[in-house]
Amino acid sequence: VGGKSASLGEMISQLSNVGVPVPGGFSTTSFAYKEFLDKGGINAYINEQLSDESIYSDVNKLMAVGKNIRDKIMDTPFQADFEEELKSQWERVSGGSDSFTFAVRSSATAEDLPDASFAGQQETYLNVMGYDDLKQKVHLVFASLFTDRAISYRHDRGFEHSKVQLCATCQKMVRSETGAAGVMFSLDTESGFDKVVFVTSAYGLGETVVGGTVNPDEWYVFKPTLAEGKNAIIARTMGSKLIKMVYKEGGGSETIPTSSEDQVAWSATDKEVSDLAEMAVKIEKHYGRPMDIEWARDGDDGKLYIVQARPETVASQKKVGVIEDYKMLEKGTEVVASGRAVGKRIGSGKVNILKSIDEMAAFEEGQVLVADMTDPDWEPIMKKAAAIVTNRGGRTCHAAIIARELGIPAVVGCGDATDKLAAGQEVTVSCCEGDTGNIYAGLLKFERTEQDLGELPKVGMKIMMNVGNPETAFTFGQLPNDGIGLARLEFVINNAIGVHPKALLNYDTLDADTKAAVDAKMKGYGS
């Protein structure tokens, strides 16, 4: 039944009694998909369309071929016994009610392998009501194995098209449109540090966090403290959460602006974040590897649900004991824009601002891709970019996952990158300075070094480390060391709090401008 459905079924049967709630449903099988392609005589047509190798270098040709294949699939009706079975499963789960809502998602037999995520390569349909709507969405999911981005991704990763089958996961919707939803990883995605759970959240349906249309709230939860039952949240960052996705009248979904009160509040409570982290630890323990997990809070019953779990594909595949290090050799004097850093690398080149997917053909190898947001449709050109910069999106969205997989530095959630950067401008994009990614004016000099630690000899003394920037602690903590010798508290306050302690103590006597600056830093905190 493909990666997604298999994982959901496994969690329902193995983990529901230890406190990992997963909404029920059903899945179509890979056999049904193969039979549909065979009986409809679609296979030969697909192979003939994909036999032209030039589609992988010519984006416009790829778009035409993809559309032909998808149209052919949509014009071919389902086999009769498959329709019968689909209807009876719909009746079983929905009780025959036309107001019962499903999420119809794609589950491919080759996706979520430990070394290739297929992040966002196929389609998802939310708030699907009634049998006819469900049947149509399953049909669309079948066709989505041949979206342009999916054809290109499989070719790049060396998967044969004929070896991948698609199944439709039909799952009871969690009503997070009136709650919140997000993504969590059972390790830190940037440094690969495995003693934390990284949780992200925004209001409404989780599609905005996954798709990168919103800058979510973020938390780090420290696993050893969590296991002792103590308060284990060690960092929080508030996201702007400007929009949220809700149900559309009569089915489907739409995005609306978030109220200004909600934007400056946390979209999940500390207790919820801790509960989610505990679920993540249980799921990770069951699968025996770092996991990438989607969750949702139901606005009706207030409960938390896990709606997907798959292996994390980047940080956990890194070579242990090899340190790749990028560093700036020239100091950047002018920061043109900044956002959340993805990866630890540096890239430079000329800016190319893309407004829509139709401009893909104009993108050249080695340019810096700048856009309001990128979605997985852009995969065919992302791999040509020296770096990627977006206005919107968090570090757990599809674009970030694919950038990490391709090893390309990306800065997401800048807010104003498309205004601040000009087409053709030469810039250097640096992700090696902690959580914040900076875009500097000019092509600055930088270097990349790789060191193999191998077996380090024992020395006759303890070598400890200094720590000044909490953002780099996860990376430094993985170097061989005997602990921390010195924590520079004034640096920690500068880096993590960003306000002088005296300004906080004498808040009432500050002038209006300074107060406003302090308020911005204190957003979401009680005092």
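Residues numbered from 1 in each chain as written. Predicted model: local features only at pLDDT ≥ 70, side-chain atom pairs only at ≥ 80, totals over all residues. Heavy atoms only, no water.

For clarity, the threshold we go by: UniProt positions are given in the numbering used here, feature names are shortened, and annotations may be inferred rather than shown by experiment.
Where an unreviewed UniProt entry is consulted, the protein appears under the name Phosphoenolpyruvate synthase, with the organism given as Zooxanthella nutricula. If you open the UniProt record of the protein and go to Catalytic activity (unreviewed entry), you find "pyruvate + ATP + H2O = phosphoenolpyruvate + AMP + phosphate + 2 H(+)".

Some details on empty space enclosed by the protein
Put simply, the rule reads: A 1.4 Å probe that fits into a set of points on a 1 Å grid over the protein atoms alone but cannot get out defines a cavity; an open set with protein on both sides within 12 Å along at least five of seven lines defines a pocket, and lining residues are those with an atom within 4 Å of a point. Grid points are joined across faces, edges and corners, and a volume is the space filled by probe spheres set on the points. Residue type decides the class: Asp, Glu, Lys and Arg count as charged, Ala, Val, Leu, Ile, Met, Phe, Trp, Tyr, Cys and Pro as nonpolar, and the leftover types, Gly among them, as polar.
Using the criterion set out here, one finds 3 cavities of 30 Å³ or more in the structure. Here the largest cavity defines a volume of roughly 50 Å³. Taken together, 13 residues line the largest cavity, and the ones lying closest to its centre are Glu190, Lys344, Arg395, Gly434 and Asp435. Here the lining of the largest cavity is built from residues that sort into 3 nonpolar, 4 polar and 6 charged.

Digging into the nonpolar core
Note the following rule: The term nonpolar core refers to a set of buried residues drawn from Ala, Val, Leu, Ile, Met, Phe, Trp, Tyr and Cys, joined through side-chain atoms within 4.5 Å. Throughout this description, buried means an accessible area under 20% of the type-specific maximum (1.4 Å probe, protein chains only), exposed means over 50%, and partly exposed covers the range between. Note on conventions: DSSP H or I runs of at least 4 residues are helices, E runs of at least 2 residues are strands, and numbering of each starts at the N terminus. Here, two residues are considered to be in contact whenever any of their heavy atoms come within 4.5 Å of each other.
Formed by 38 residues in total, the largest nonpolar core has its most connected members in Ile73, Phe102, Val104, Leu134, Val138, Phe142 and Phe146. Looking at this core, the elements that each hand over two or more residues are α2 (30–39), α3 (42–49), α4 (59–75), α5 (80–94), β2 (101–108), β3 (124–129), α6 (131–143) and β4 (166–172). Considering every element that reaches this core, the biggest residue donor is α6, with 6 residues. Contact partners of Ile73, with chain neighbours within four places excluded, come to Tyr33, Phe36, Ile42, His139, Phe142, Ala143 and Phe146.

What about the side chain of Ser152?
Checked against the element boundaries, Ser152 lands in helix α7 (residues 148–156). Residues contacting Ser152, with those up to four places away along its chain left out, are Leu62, Glu379, Pro380 and Lys383.

Quick word on the sheet that holds strand β12 (residues 304–311)
Put simply, the rule is: The rule for pairing is simple: two strands pair if DSSP sees at least two bridges between them. What counts as an axis is a line fitted to C-alpha atoms, over the stretch in contact for a helix, and the angles between N-to-C directions run from 0 to 180 degrees.
Taken together, the 6 strands give an open sheet; going across it, the order is β8-β7-β6-β5-β11-β12, and neighbouring strands pair in antiparallel fashion. Of all the strands in the sheet, just β8 (233–237) and β12 have a single pairing partner and so form its edges. When the angles between neighbouring strand axes are averaged without regard to direction, this sheet yields 20°. Where strand β5 (residues 180–185) meets strand β11 (residues 291–297), 6 bridges bridge the pair, whose relative direction is antiparallel. Looking across to β11, one finds that Met184 is bridged to Ile293.

Overview of the domain arrangement of the protein
For clarity, the cut-off: Each domain span listed reflects an automatic or database assignment of domains. Summed over both partners, the accessible area (1.4 Å probe) lost when two parts come together is defined as the buried area. Just to be clear on terms, a salt bridge is a Lys or Arg side-chain nitrogen sitting within 4 Å of an Asp or Glu carboxyl oxygen.
Per the domain assignment, the segments of the protein are domain 1 (3–172), domain 2 (180–311), domain 3 (322–450) and domain 4 (455–487). In this structure, domain 1 and domain 2 have C-alpha centres spaced 25 Å apart. Counting residues at the interface gives 22 residues for domain 1 and 23 residues for domain 2. Between domain 1 and domain 2, the buried area comes to about 1,900 Å², and carbon and sulfur atoms account for 58% of it. Connecting domain 1 to domain 2 are 1 salt bridge. The salt bridge involving Glu294 is made with Arg105; its shortest N-O contact spans 3.4 Å.

Section: α6
Given 3.6 residues to a turn, an α-helix orients residues that are three or four positions apart in the same direction. Going by this rule: In this analysis, the expected span of each helix is defined as 1.5 Å times one less than the number of residues it contains.
Here α6 spans 19 Å end to end across 13 residues, near enough to the 18 Å set by a 1.5 Å rise per residue. Those residues of α6 that sit buried are Tyr131, Leu134, Lys137, Val138, His139, Val141, Phe142 and Ala143.

Considering the sheet that holds strand β14 (residues 335–342)
Strand pairs in the sheet, formed through backbone hydrogen bonds, run parallel or antiparallel to each other. Taken in spatial order, the 7 strands of this closed barrel run β14-β18-β17-β16-β15-β19-β20, and their pairing is mixed. For this sheet, the mean inter-axis angle between neighbouring strands, taken without regard to orientation, is 35°. In terms of strand pairing, β14 meets strand β18 (residues 410–412) through 3 bridges, oriented antiparallel. Its bridge partner lying in β18, Val342 is registered against Ala410.

Quick notes on the UniProt feature "domain: PEP-utilising enzyme mobile" (unreviewed entry) in the protein
Using the residue numbers shown here, the UniProt feature "domain: PEP-utilising enzyme mobile" (unreviewed entry) corresponds to residues 363–434. In this annotation, residues 363–434 is assigned 24% helix and 22% strand; the end-to-end C-alpha distance for the span is 29 Å.

Some thoughts on helix α11 (residues 270–287)
With 18 residues, α11 extends 26 Å between its outermost C-alpha atoms, agreeing within 8% with the 26 Å of an ideal straight helix rising 1.5 Å per residue. At the C-terminal side of α11, Gly288 shows a positive phi close to 70°.

Overview of the pattern of salt bridges
In this structure the tally under the stated criterion is 29 salt bridges. Glu490 is the salt-bridge partner of Arg488, the closest N and O atoms lying 2.9 Å from each other. Take Glu490: its relative accessible area is 39%, and that puts it in the partly exposed class. Beyond isolated ion pairs, a larger network of salt bridges with shared partners links Glu218, Arg340, Arg395 and Asp435.

Concerning the packing of α2 against α3
Threshold: The scheme is simple: roughly parallel for angles under 35 degrees, roughly antiparallel for over 145, roughly perpendicular for 65 to 115, oblique for anything else.
Contact geometry for α2 and α3: axes closest at 5 Å, N-to-C directions at 85°. In terms of orientation, α2 lies roughly perpendicular with respect to α3. Here α2 contributes Phe36, Leu37 and Asp38 to the contact with α3, which in turn contributes Ile42, Asn43 and Ile46. Split into classes, the residues belonging to the contact of α2 with α3 amount to 4 nonpolar, 1 polar and 1 charged.

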